[in-house]
Every structure is written in structure tokens, then in C-alpha cells.
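# Breakdown of the fold
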Amino acid sequence: MTEIQGNTQKMYKRKTQSKLLVFTGGAALLAVAVNLAIVVICKRKKKKELPGFELRVNLSAAEILNLADKIIAKSKKVHDAVASVPPNKVTYSNVISPLADLEAEQFPLVQSCVFPKLISTSDDVRAASAEAERRIDAHVQMCSKREDVYRVVKAFSARGEQTSAEQKCFIQCLVRDFERNGLNLTTSKREELLRLRVQIEELSLRYIQNLNDDGTFIPFSEVELDGLPKEFFESLDKTENGKFKVVMRSHHTAAVLEHCKVGTTRRMVAMAYGKRCGEVNLSILENLVHLRHKFARLQGYSNYADYAVHYRMARSSAKVFEFLENISDSLTDLAAKELASLKNLKKQEEGESPFGIEDLLYYVKRAEDQEFNLDFVTVKQYFPVSLVLSGIFKIMQDLFGLRFEEVIDAEVWHYDVKLYSVFDLNSGELIGYFFLDLYAREEKYIHTCVVALQSSALLSNGTRQIPVALLISQLQNDVDGHAGLMRFTEVVNLFHEFGHVVQHVCNRASFTRISGLRVDPDFVEIPAQILENWCYESVSLKLLSGFHQDITVPIKDEVCESLKKWRHSFSALKLKQEVLYCLFDQIIHCAENVDIIELFKHLHSKVMLGLPMLEGTNPASCFPSSAIGYEAACYSRVWSEVFSADIFVSKFRGNLLNQYIGLQFRNKNVKLGRNSGGLSSPSSKLFGLG
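Since the structure is predicted, the reported quantities are computational estimates derived from the model, not experimental observations.

Counting residues in hydrophobic clusters, the biggest one holds 135 residues, and the most contacted among them are F383, F434, F498, W534 and F584. By residue number, the principal contributor to this core is helix α14 (residues 317–350), which donates 10 residues. Every residue in contact with F383, bar those within four places of it in the chain, is listed here: V388, G484, L485, M486, F488, V491, L541, L544, S545, G546 and I555. By size, the runner-up hydrophobic cluster in this structure holds 27 residues, among which are V82, V90, V149 and F178.

In C-alpha cells:
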């Protein structure tokens, strides 16, 4: 839908009576109808203050910048006070506690400044939010380099004073962050570290910018694109002679590689996509890797991979290699069978032409269509947004003992947005809030995600904050008078993100730095990935579904079974391809002077069961994860997938709505995965369940 444009927007306030979302399917909508009938005769209730809610919503551009300046001034004052403590008089209360309280008190204020850039309908507000983030980030970077504060914190740490496990973890985080900025090094080494960091950042951004600026396209006739849906052709620009421009962007190339019946077209697109920014980005990546190794050695590590992994669950690059190689080996037999079936299918359709990596997506899709006969257009008819939401609330209630209640007349930034309170079902205790910003609109952040807005921190005065989260999605609202329907992939994504909401609001960490979603990166996706499994089980799918013209008719059992099988089809080959890139990323960040092109060729053939890399392509030149964001940590996605699958099978399969196990999961997972040094125990024991 199109949002109302302008610098300000009059917010439409819902005047429906508060209701608990604990039903599903037809029962849920019946409950809504009854509440709407009641509200007609009810008087409008006065808006109440929300207990523990420190977040500020709908700040103007000027208010955002003013608040950012106040945050910086207060932070400087506290850091100056801590720095003034003589090393022989350091205590927890005059060094650690002020820094912990500062983080806790300022986190919701910082987020009040920053999150509007993701969701605001005002150009001025989004610009102010981005500027506020820049100012605050610069200040935080400056604070992390303050040698006077580091000396005081280090002095307290060296005393060995008795502290709780959480306090010890927080202190370790403080020391680690200072030392990763070189404050434990000599002045000359620290300056060199800073120079390297600046060079690394510049090169990383240049690598990404090169990919963003690449406008390569290939003109094709309609015949050459045989198999692509009508909607795809409608989305393409044309050349002067009437051919369709297929741009070398992921959304175009993925569509061609998955649907195009013409093998030569698939090969041309795959090769052009793999050649983007060839020599220039290869050179940048080689320089990046070299600089990263120098950066890591300055801090006492033998290579960058060990530096990047040291504080994660994996702990060392050796552990990562062991994990990836074990996974790859365990997949080989099944992947070989999957590949053989695809080769046979291509032989039937295209004769003796060799099977290449460019054929993988197309023939996987062909094989799945033949085996499962899943019509996802029809499947979509069973997932009206309202039923999916009520089903999610029902499952979260039954499994985790949570109760969700909409906050009526809450202050929000768009009339589509809702705010919910989350209560413990048994005690009635308020444990958190979350905003649900569900529908697409112009200028809104385009990815589905959860943003932490307020933590569960325990202040030194004994007050515990109430966690607040924001779930952003891009669903389509009512279309042509029909209720919005969700694609099955959207259902899975939304359920995944609700896993993050539960993870955040149920967290009871006492320090902002280790609370909610601010946990070990190897751990953070595991709880939500575990919950994705509910989207493939019949008992939960029926809670999430109902035919849009008759909501009492849930999705059929045979469709549920097909979805479950479809999820795991060709999973070995798909995971092998992920492992390939993870191994490449880990190797280049473990060793110097690696021939990157030859390395990728070798790994491709080895991991992908003899399938060669496309001649002339250079995947390393268009693999942004190794350039910025996930360098030496690409393995983390596979890591969390494997761990989450293990936990689901060992603890939840057959117990999908078992609240005893659900409460163990809810209460245990929030204590783990914090940035205190990582975990490497078997996954079934990660939550204290095994």
C-alpha cells in the first residue's frame, strides 16, 4: 500500500477494546467480531502510561538531534567521572556500576534516535535519525579508545574482586572492547592498528560500491527466456531493438537460473553474474586479507580467522574447519544421490550436454515440481495474515507460557502499527513489549527483521527495565478488497522473527551489553531457527491456516506432508554449496599469499562432487560476505542451522506444544550465547535440556 507522504502525519488511533490473542482460525476471528460489537457501546478509555516503557516515539527531527546531543553529553560526563577515580581506590560501585547504568539508561534513548530512520514516514525525521546515529557512533568509538577509562577498568579487573557470573562477563566485555581497540598496545602499535582499520574499512566499502555500481545486463529475446513467468517479463526494461534486459542482480539471475528452460541462457547469465568486478574486486580482496592478517598479528593472533572467531562459540579457526569438513563429509553420499538424479533429469530434457553448476537451481525446481506437485499460489490461499498472527500467538502462548495483549491507543508512527504487551501466563507478570510494523510502505526498511529497542538491564538502584522489541515486515495489506494473504515463505520468515521477539522479551540478563539479541553471533539465530520447524508440522500448520473464503477449513494433511518433504529436498546439495563458500572464507583468512582463484576452483570441484567452477568466473570478486560483515565468520549460518536442527530433533520433535520443554527453552537459552568466551559443547546441552 502507499503511505501518506509529508513531514507530519496524523496518526489514526484505533478505538477497539483490549483483547487477548489466544485463539486461532475461526475462533480467533469470532472473538475479534465479538470485541468489535462490544466496543460500539463502550466508552473510550483514557490512554495510560506504560509501566517501564522508556522509549520515545514520534520525535521530531529537531527533538532527535537534541536528544542525541544530550546522550553524548551525559555519556562524556560519566566517562570523565570514571576516569578520575584513582587506580588504588577503584570499586565496583565507582567504576563498573556507573558504566553499566549508563548503558542501560541510554540504550532506549539511543534507539529512540536511531530506529526512526527505518520506519518514519517523514524525510526530515529519517535524515535526522541517520545524522543522530552518526554522531552517537562517533562518540561511542571515541569512548572505546579512552585510555584513561581503560586504565581504571583494568585496575578494577586486576583486583580480582568477587563478582557474579554476569558481572564478570560484563567486565570482560569492557576490557575486551578496549583491548580490541589497541589500548593494551604501545603507542606506535596502536597507531598502526588505527591506520590498518581505516584502510580495511575503505577497501571493504569500495568492494561493495563496485558491486552496487555494476550495471551489467544481457539482452535476451522472449524465446531465449522461455519458462519465465509473465510477471518477470513485465518487470524488465527493454533495449532499443525490443530485447529484454536481464540485469546482473540477484533477483534477476535467480529467476533465470530457476525457471529458464534454455540451457545456454542459464549458462550465459551464470557466467556474466560470476564475472562481475573480476580483476578490480579480486585485487581489493587480496589487499583486504593481507591487511586483516597484519591487524590480527598486532593483537597477538597468528591469523585473522583466529582473531574473528576467538570470542564466538566456535572459539578457533581449527574448530571451524573441523566443523565444516565433518558436515561436508557427512553430506557426501546423500548429495551424490541428489546430483545423480538431477543429471538424469537433464539428460532426459536436454540430451547429453554436461551438467554444470548453472543447472543446479533449474533442475532442483523441476525435480521438486514433479515430486511434490505443490502449487504455492493455492497454498497462499490458506494463509490470511489475521489467521497466521492469531496462530503464532496461540503457539507462543501454549509453548512458552506467554500471553499477548494489544495496547489500545498506543502511540505509534503509522496506523498499521500495533503495540503488544507480553505477560507471563502463570504469574501475570509484565515481561516485555513489542511493536508489530507488518505492512509494506514507501521509504520503510525493506527487510524483515527484529530490532531491540529496550533491554532487561538491572540498574544499580534495583530497578529492572522492561524489554521492548520492534518486528518489521513487508507484507502486502488488503488488495482489491480481499484480506491480505501470505506466501508460505513469508509465514516461515514471520514465525522466525517472532522467535527473536520471544528471545528478546524473555531475556533477563542484567546488563544491556549481553541482553536480548546482543549475544554471541554464533548463537543469536539458533532459537529463531529452531522455531521455523513449527511451520512444517501438521499440528502447528493447522493452527496457522484457514482457507481465506472459509476460515474453518485448514490446510490439508497431504499439503502439510508435502511442505515438510519439500523443505528437505536436495538439502545435502544446497548445504554443500554453503559449506563451499564458508571453507573459502575461512581459508583465505587463515593463510597468507593464497591464490584465490585456484583455491576456489579446487574447493568447488572437491566440495561439489566434481562439478567445476564456471570457466572465466571469479566468485571471490562478487562475494560480499567475505568483504564486509561476515569476514572469517561465514560459517556461522551453517553452524546455527546444524545446531538448531539437532536441538529440535532431540528435544521438540513430537513435543511441539509441550510447555514443560518450552519453558526450559525459554528460561535456559537466555543465559547462554553471551559474549563471554563462547561455548563449544554439544548442541543438545546448550540449553541445559540434555
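Now, onward.
Across the sheet, which stays open at both edges, the five strands sit in the order β3-β4-β5-β7-β6 with mixed pairing between neighbours. In the strand order of this sheet, the two ends are held by β3 (402–406) and β6 (449–454), each with one partner. The mean inter-strand angle of the sheet, taken between neighbouring strand axes irrespective of direction, is 25 degrees. Both β6 and strand β7 (residues 468–475) contribute to a ladder of five bridges, which runs antiparallel. Bridge pairing in β7 places C449 opposite I472.

Following both chains from N to C, one finds helix α17 (residues 385–400) and helix α18 (residues 488–505) inclined at 40 degrees, their axes separated by 11 Å at the closest point. What the angle tells us is that α17 and α18 run oblique. The element α17 and its partner α18 pack so that their crossing is right-handed. Listed contacts from α18 to V388, L389, I392, F393, I395, M396 and F400 of α17 are V491, L494, F495, F498, G499 and V502. For the contact of α17 with α18, a count of residues per class yields 12 nonpolar, one polar and no charged.

Bringing the environment of V422 into the picture now. When you line up the elements, V422 lands in strand β4 (residues 418–424). Given a relative accessible area of 0%, V422 falls into the buried group. Residues V422 and Y433, 11 residues apart in the sequence, show an inter-C-alpha distance of 5.7 Å.

The geometry of a pair of packed helices is captured by two quantities: the angle between their axes and the separation between those axes. Taken N-terminus to C-terminus, the directions of α14 and helix α22 (residues 571–588) make an angle of 145 degrees; their axes are 7 Å apart at the nearest point. Once α14 is placed against α22, the crossing between them reads as left-handed. Of the residues that constitute the contact of α14 with α22, the class distribution is 16 nonpolar, five polar and three charged.

The next thing to look at is the environment of A633. Tracing the chain through its elements places A633 in the loop between α24 (624–627) and α25 (635–652). Residue classification places A633 among the buried positions, given a relative accessible area of 5%.

This brings us to the pattern of salt bridges. Evaluated as defined, the whole model comprises 40 salt bridges. Of the charged contacts in the structure, one is a salt bridge between E234 and K230, with a shortest N-O distance of 3.9 Å. With a gap of four residues between them, E234 and K230 both fall in helix α9 (residues 230–235), about one helical turn apart. E234 sits in the exposed class, given a relative accessible area of 56%. With a relative accessible area of 61%, K230 lands in the exposed category. For K394, the salt bridge goes to D398, with nearest N and O atoms at 3.2 Å. Taken together, the residues span about one helical turn, with K394 and D398 both in helix α17 at a distance of four residues. Residue classification places K394 among the partly exposed positions, given a relative accessible area of 22%. By relative accessible area, which is 19% here, D398 ends up buried. The network of salt bridges with common partners includes D69, E131, R134 and R135.

Let's shift gears to the pairing of strand β2 (residues 244–247). Only one face of β2 is buried, namely the one carrying F244 and V246, since none of K245 and V247 on the opposite face is buried. Examined bridge by bridge, strand β1 (residues 217–220) and β2 share four bridges and lie antiparallel to one another. Its bridge partner lying in β2, F217 is registered against V247.

What counts and how
Residues numbered from 1 in each chain as written. Predicted model: local features only at pLDDT ≥ 70, side-chain atom pairs only at ≥ 80, totals over all residues. Heavy atoms only, no water. Core = buried A, V, L, I, M, F, W, Y, C linked by side-chain atoms within 4.5 Å. Buried < 20%, exposed > 50% of the residue type's maximum accessible area, 1.4 Å probe, protein only. Helix = DSSP H or I, 4+ residues; strand = E, 2+ residues; numbered from the N terminus. Contact = heavy atoms within 4.5 Å. Pairing = 2+ DSSP bridges. Axes fitted to C-alpha atoms, helices over the stretch in contact; angles between N-to-C directions. Parallel < 35°, antiparallel > 145°, perpendicular 65-115°, else oblique. Left-handed = near helix turned anticlockwise from the far one by under 90°. Nonpolar A, V, L, I, M, F, W, Y, C, P; charged D, E, K, R; others polar. Salt bridge = Lys/Arg side-chain N within 4 Å of Asp/Glu carboxyl O.

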